Amino acid sequence: MATTSTTGSTLLQPLSNAVQLPIDQVNFVVCQLFALLAAVWFRTYLHSSKTSSFIRHVVATLLGLYLAFFCFGWYALHFLVQSGISYCIMIIAGVESMHHPMMIITQKITSLAYEIHDGMFRKDEELTPSQRGLAVRRMPSLLEYVSYTCNFMGILAGPLCSYKDYIAFIEGRASHVAQPSENGKDEQHGKADPSPNAAVTEKLLVCGLSLLFHLTISNMLPVEYNIDEHFQATASWPTKATYLYVSLLAARPKYYFAWTLADAINNAAGFGFRGYDKNGVARWDLISNLRIQQIEMSTSFKMFLDNWNIQTALWLKRVCYERATFSPTIQTFFLSAIWHGVYPGYYLTFLTGVLMTLAARAVRNNFRHYFLEPPQLKLFYDLITWVATQITISYTVVPFVLLSIKPSFTFYSSWYYCLHVCSILVLLLLPVKKSQRRTSTQENVHLSQAKKFDERENSLGQNSFSTMNNVCNQNRDTGSRHSSLTQ
């Protein structure tokens, strides 16, 4: 949010000075806290059982546009203009291709475009189980479209959700519907509308701890220190590796805060319910964007990416990875870089990410099965792979944080491009399973396996390096099982 409204800046300048935060960040936090209160009000007084879906659409849209105007000033009109133009393009062009510069709205527009294309312009037998379940069979009204793209719950920080899930929530069907099964039909739940209070409270606690860590610790461990000349000249390799990991660890809480708060806002409004677990406990992770414990304890590149920016990874898989006719991994990484913006550091990160993803997959496929038994050997393997994963992830995303090309190459030069070289050697020396593109026949043969994959995808729920990650890290066998970052 590089631009803020004059009114918002004037009102919040004293607060920004007090906590030493940029005014745009203060605006964002204040708007999200307002959205949280609005979400509670929305669920209490405009519940689907008390008012019509038309009123819920109108109020959600107006509140969203107000928050956009508060943060961005008159540039907020860009949201509305883009949404209107895109709506016309979808009708005229048949939803063949959609591209937009703004990150969250781009995800929603492209997702909806492909969902309409799947539902109205393709045959059912051509679709994967996931595509069949998400397909939209009629053109949304203008109000439904603007409400989906600009509602107050997700206009600032998302997360992405499917159009069908959002409409089900607005119309009061979300509490009785889970994600679509492999046959494309909704699985029904007969229980009453659950309260999100416990889930919201837990997520707000995570937000508070993440914000506290960001304000107190993150500034003490700047990523830029990795390219400090004195540090590079005097630090030992263990010291360099340790600081690399710790500095990138300290950079993550701001994402934890933003994404968890966005999830809590949606939950507070009653959106995000995904059914009950086997113990009858309500699950509010339909659109959750991350799993912090799994991220920090990841023992593989894939595990990290599967749990980071989940909704973006699902978006990349659905709009690019599944539909690519060649080199889906490379295409998906490239799309992710374009989606993030124009900074060279983004492209350097994702080019590096391609190498790391393919090399990590090859190493795992060739060696992991030797270390599964006995438990002591598995524990040793997990420890080694945890260290390797955390260092590799940190090494990969440094340019994403530094943004510019010169400091990024300065960092990689100080490490002698060692992980790039190792990745290339791994790909040259280790056997790699040949990938196979899914076909309609494979989809029909492997329906039971596709169901298991869909359940896993839905359990993940899916601005930053985000991405991809989940999608691109899936091996091609997984791709065929789904009939399909990692985001």
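The rules behind these values
In every chain, residue numbers begin from 1 and rise along the written sequence. Confidence filtering applies because this is a predicted model: local features only for residues at pLDDT of at least 70, side-chain atom pairs given and counted only at 80 or more, and all residues used for totals across whole chains, interfaces and linings. Heavy atoms from the whole structure form the basis of all side-chain values; hydrogens and water molecules are not counted. The helix count covers DSSP runs of H or I at least four residues long, the strand count covers runs of E at least two residues long, and both are numbered beginning at the N terminus. Each residue's exposure class comes from its accessible area (1.4 Å probe, protein chains only) as a fraction of the maximum for that residue type: buried when under 20%, exposed when over 50%, partly exposed otherwise. What sets the accessible areas is the Shrake-Rupley method with a 1.4 Å probe; for residues, cover comes only from the shown protein chains. Working definition: rings of Phe, Tyr and Trp (its six-membered ring) pair if their centres are within 6.5 Å, and the pair is stacked with planes under 30 degrees apart, edge-to-face with planes over 60 apart, and tilted otherwise. Sitting over a ring, as applied to charges here, requires NZ of Lys or CZ of Arg to be within 6 Å of the ring centre and within 35 degrees of the ring normal. Within this scheme, the nonpolar core is defined by two criteria: the residues are buried Ala, Val, Leu, Ile, Met, Phe, Trp, Tyr or Cys, and they are joined through side-chain atoms within 4.5 Å. Residue contacts follow a heavy-atom distance rule, with two residues in contact if any of their heavy atoms lie within 4.5 Å. Basic side-chain nitrogens of Lys or Arg form a salt bridge, by our definition, when they fall within 4 Å of a carboxyl oxygen of Asp or Glu. The axes used here are C-alpha line fits, helices contributing only the stretch in contact, and every angle between their N-to-C directions lies in the interval 0 to 180 degrees. Working definition: roughly parallel below 35 degrees, roughly antiparallel above 145 degrees, roughly perpendicular at 65 to 115 degrees, and oblique for all remaining angles. Throughout this entry, Asp, Glu, Lys and Arg are counted as charged residues, while Ala, Val, Leu, Ile, Met, Phe, Trp, Tyr, Cys and Pro are counted as nonpolar. The remaining residues, Gly among them, count as polar. UniProt positions are given in the numbering used here, feature names are shortened, and annotations may be inferred rather than shown by experiment.

S.K.: What is the right way to look at the overall build of the chain in this model?
M.R.: From N to C terminus, the chain includes 24 helices and 0 strands. Within the chain, buried positions represent 55% of all 487 residues. Of the roughly 21,800 Å² of accessible surface on the chain, a fraction of 65% belongs to carbon and sulfur atoms.

S.K.: Is there a simple way to think about the packing of aromatic side chains in this case?
M.R.: The geometry of an aromatic ring pair comes down to the distance between the two centres and the angle between the two planes. Following the criterion strictly, the structure yields 34 aromatic pairs and no others. Ring centres of phenylalanine 333 and phenylalanine 350 lie 6.4 Å apart, and the angle between their planes is 55 degrees; on these two criteria the pair is classed as tilted. You can see phenylalanine 333 sitting in helix H16 (residues 328-340) and its partner phenylalanine 350 sitting in helix H17 (residues 344-367), a full 17 residues away along the chain. You'll find phenylalanine 333 and phenylalanine 350 in the same group, each marked buried. Three or more aromatic residues link up through ring pairs in this structure, and these residues are Phe42, Tyr148, Phe152, Tyr163, Tyr166, Phe169 and Phe271. The ring centre of phenylalanine 169 lies 4.9 Å from the NZ or CZ of arginine 56, which sits over that ring. The positively charged end of lysine 108 is found above the aromatic ring belonging to tyrosine 148, 5.6 Å away from the centroid.

S.K.: Would you take a moment to explain the nonpolar core for this structure?
M.R.: When a protein is soluble and globular, its nonpolar side chains tend to lie buried together. In terms of nonpolar packing, the biggest core is built from 57 residues, with Phe42, Phe152, Leu156, Tyr166 and Phe169 touching the most fellow members. Where this core is concerned, the elements lending two or more residues are helix H2 (23-45), helix H3 (53-72), helix H5 (103-120), helix H7 (142-150), helix H8 (163-170), helix H9 (197-216), helix H12 (253-268) and helix H15 (310-321). No other element matches the 8 residues that H3 contributes to this core. Discounting chain neighbours no more than four positions away, the residues touching phenylalanine 152 are Ala35, Ala38, Ala39, Phe42, Ala60, Leu63, Gly64 and Leu67. Among the nonpolar cores identified, the runner-up in size contains 34 residues, and Val223, Val354, Ile393 and Val397 belong to it.

S.K.: Would you mind going over the pattern of salt bridges with me for this structure?
M.R.: Two side chains carrying opposite charge are able to pair once their charged atoms lie near each other. According to the stated counting rule, one finds 13 salt bridges in the structure shown. For arginine 173, the salt bridge identified is with glutamate 171, shortest N-O distance 3.0 Å. The partly exposed category is assigned to glutamate 171, whose relative accessible area is 35%. Ionic pairing is found between arginine 283 and aspartate 285, a salt bridge with its closest N-O pair at 3.8 Å. Among the residues examined, aspartate 285 registers a relative accessible area of 17% and is labelled buried. Among the ionic contacts, a cluster of salt bridges with common partners joins Asp118, Arg122, Glu126 and Arg323.

S.K.: Whenever I open this one, the packing of H17 against helix H18 (residues 375-402) confuses me. Can you help?
M.R.: Axis angle and axis distance: for two packed helices, these are the angle between their axes and the distance between the axes, and together they describe the pair. Closest axis-to-axis distance for the H17/H18 pair is 6 Å, and the angle between their directions is 155 degrees. Regarding the angle of H17 to H18, the classification is roughly antiparallel. Contact with H17, carried on its side by Gly345, Tyr346, Leu348, Thr349, Phe350, Thr352, Gly353 and Met356, involves Thr392, Tyr395, Thr396, Val397, Pro399 and Phe400 of H18 and no other residues of that element. In terms of residue class, the contact of H17 with H18 is made up of 8 nonpolar, 6 polar and no charged.

S.K.: In this structure, what is going on with H15? I would like to understand it.
M.R.: Count 3.6 residues to each turn of an α-helix, and residues three or four apart come out pointing the same way. Counting buried positions along H15 gives 12 out of 12 residues, so the element sits mostly inside the fold. Within H15, burial applies to Ile310, Gln311, Thr312, Ala313, Leu314, Trp315, Leu316, Lys317, Arg318, Val319, Cys320 and Tyr321.

S.K.: Help me understand the UniProt feature "transmembrane region" (unreviewed entry) in the chain in this model?
M.R.: Feature annotation in UniProt places "transmembrane region" (unreviewed entry) on residues 26-46, 58-81, 337-358, 379-402 and 414-432, given in this structure's numbering. In this annotation, residues 26-46 is assigned 95% helix and 0% strand; the end-to-end C-alpha distance for the span is 28 Å.

S.K.: Explanation requested: the side chain of asparagine 226 in the structure shown.
M.R.: For asparagine 226, the location among the structural elements is in the loop between H9 and helix H10 (229-234). On the basis of relative accessibility, which here comes to 3%, the residue asparagine 226 falls in the buried class. Dropping the residues within four chain positions of it, asparagine 226 is found in contact with Phe231, Gln232, Lys240, Tyr243, Leu244, Ser247 and Phe411.

S.K.: Can you help me understand unusual backbone geometry in this one?
M.R.: Negative phi is the rule for most residues except glycine; trans is the rule for most peptide bonds. Residue proline 159 is reached from glycine 158 by a cis peptide bond, and omega for that bond is 0 degrees. Among the structural elements, proline 159 can be located in the loop between H7 and H8. For the peptide bond that leads from glutamate 373 to proline 374, omega is -5 degrees, which places it in the cis range. Along the polypeptide, proline 374 turns up in the loop between H17 and H18.

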